[in-house]
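The chain contents come next:
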Amino acid sequence: MTVEDIAYVELYTKDKVRALRHLVSGLGFTRVADCVEVDRSSVLLRQGAVQLVVTSGRGTWRFLSEHGEGVADIALNCRSVAAVQRAALVAGASVRRSAHGNPVVAGPAVFSHTLLPARPDGGLALPAGRRWAGTPGAPAHPTGQVHGFDHLAIRCPADRLEGYAAFCEGVLGLARSAPAERDAGGSTVLTGGSGRASLVLGVAARSEPGVHRIVFRSAPFDLSTPLDGKGNGDLWSYLFECQALV
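About the criteria used
Residues numbered from 1 in each chain as written. Predicted model: local features only at pLDDT ≥ 70, side-chain atom pairs only at ≥ 80, totals over all residues. Heavy atoms only, no water. Pairing = 2+ DSSP bridges. Helix = DSSP H or I, 4+ residues; strand = E, 2+ residues; numbered from the N terminus. Contact = heavy atoms within 4.5 Å. Axes fitted to C-alpha atoms, helices over the stretch in contact; angles between N-to-C directions. 1 Å grid on protein atoms, 1.4 Å probe; cavity = no way out; pocket = protein on both sides within 12 Å on 5 of 7 lines; lining within 4 Å. Points joined across faces, edges and corners; volume = space filled by probe spheres on them. Buried < 20%, exposed > 50% of the residue type's maximum accessible area, 1.4 Å probe, protein only. Polar contact = N/O pair within 3.5 Å; in protein donor to acceptor, adjacent residues only side chain to side chain. Nonpolar A, V, L, I, M, F, W, Y, C, P; charged D, E, K, R; others polar. Salt bridge = Lys/Arg side-chain N within 4 Å of Asp/Glu carboxyl O.

## Some thoughts on the sheet that holds strand β8 (residues 112-117)
Next, step 1: Across the sheet, nine strands lie side by side as β6-β7-β8-β5-β1-β4-β3-β2-β9; this open sheet has mixed pairing. A single partner strand is all that each edge strand has here, and the edge strands are β6 (95-97) and β9 (133-134).
Next, step 2: Against the sheet, helix α1 (residues 16-26) touches β1 (3-12), β2 (30-36), β3 (41-47) and β4 (50-56), its axis set at about 5° to β3.

Printed below as a string of structure tokens:
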């Protein structure tokens, strides 16, 4: 397998304070670093083996105008970034360089895949190419109820789903497997070399394509009550889900 795991998920938001309140106060993430750039600013959150980057600013406005708040990038840890980049180009995929110098492969819908080198020890690394300033007093590897990614539920246009699944297998080296009971209903499940996280693909029949759910492996705790009082219509109330470890 070429891709080992999810390095981080980057979220674009209009209101970073609101998003951080939900993730830190509600889900127990720790703010470990900040990065301020010319056209955007980002916060790096960690808990267990999960990294989330929350970004806002002028550089995100086009994405937000076209797609609304949500996942803009699923960064992947690769055994060989160069090999994945070459395979993506041979397969006809669109590959560009990010502002941070990393190769970025276009996804099937609104998100992209930044390709990053996997650490030999499988540990977490700061998202490469940015100047991160650590949060004073924050632990480098905070723990809590959330242990890691379980899967990302992705909705693709019907005419692109099988092509993206084949790309994930042939280029990214993900393994296709039978969906678990919770993922039933015609879903396609693809898992990286570490086996720690999966992409679960389905058809965007009546909804906007993109990442519709980020599911964490966690200890049991209640996520049923929206933390910002805005009800179930609020993105941060339904984007995240916790799957209790068994």
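After that view of the structure, there is still more to cover.
## Let's talk about empty space enclosed by the protein
Next, step 1: For the structure shown, the criterion picks out one cavity of 30 Å³ or more.
Next, step 2: Roughly 70 Å³ of volume is contained in the largest cavity.
Next, step 3: Along its surface, the largest cavity is lined by Val3, Glu4, Asp5, Ile6, Leu76, Leu174, Leu190, Gly192, Ala197, Ser198 and Leu199.
Next, step 4: Counting only elements with at least two residues in the lining of the largest cavity, the list comes to β1 and β13 (198-203).
Next, step 5: It is β1 that provides the largest number of residues to the lining of the largest cavity, a total of four residues.

## Some remarks on α1
An α-helix turns once every 3.6 residues. As a result, residues three or four positions apart point the same way.
Next, step 1: Among the residues making up α1, those that are buried are Lys16, Arg18, Ala19, Leu20, His22 and Leu23.
Next, step 2: For α1, the N-terminal cap is Asp15; the gap from its side-chain oxygen to the backbone nitrogen of Val17 is 3.3 Å.
Next, step 3: Looking at the residues trailing α1, positive phi occurs at Gly28, about 85°.

## Considerations on the layout of surface pockets
Next, step 1: Each pocket or cavity is described by its volume, and for the largest pocket that value is around 620 Å³.
Next, step 2: Every residue lining the largest pocket is counted, 29 residues in all, and those nearest its centre are Tyr12, Arg40, Ala72, Arg96 and Ser112.
Next, step 3: Counting residues per element, the ones that place at least two in the lining of the largest pocket are β1, α2 (61-67), β5 (70-78), β7 (103-106) and β8.
Next, step 4: Among the elements that line the lining of the largest pocket, the one with the most residues is α2, at four residues.
Next, step 5: Taken together, the residues of the lining of the largest pocket sort by class into twelve nonpolar, ten polar and seven charged.

## Focus on the pairing of β8
Both faces of the sheet carry side chains from a regular strand, because those side chains alternate between them.
Next, step 1: Here β8 lies mainly inside the structure; five of its six residues are buried.
Next, step 2: Relative to β8, β5 runs parallel, the two sharing four bridges. Note that in β8 the partner of Cys78 across the bridge is Pro117.
Next, step 3: Direction of pairing for β7 relative to β8: antiparallel, over a ladder of three bridges. Each residue of the ladder has a partner; that of Ala106, found in β8, is Ser112.
Next, step 4: Taking the residues that link successive antiparallel strands as the turn, the β7-β8 hairpin has five residues.

## Things to note about the pattern of salt bridges
Next, step 1: By the definition in use, this model includes eleven salt bridges.
Next, step 2: For the salt bridge of Arg31 with Asp34, the shortest nitrogen-to-oxygen distance reads 2.6 Å.
Next, step 3: You can call Arg31 partly exposed: its relative accessible area is 36%.
Next, step 4: The exposure class assigned to Asp34 is partly exposed, which follows from its relative accessible area of 24%.
Next, step 5: In this structure, the salt-bridge partner of Arg176 is Glu169, at a minimum N-O distance of 2.8 Å.

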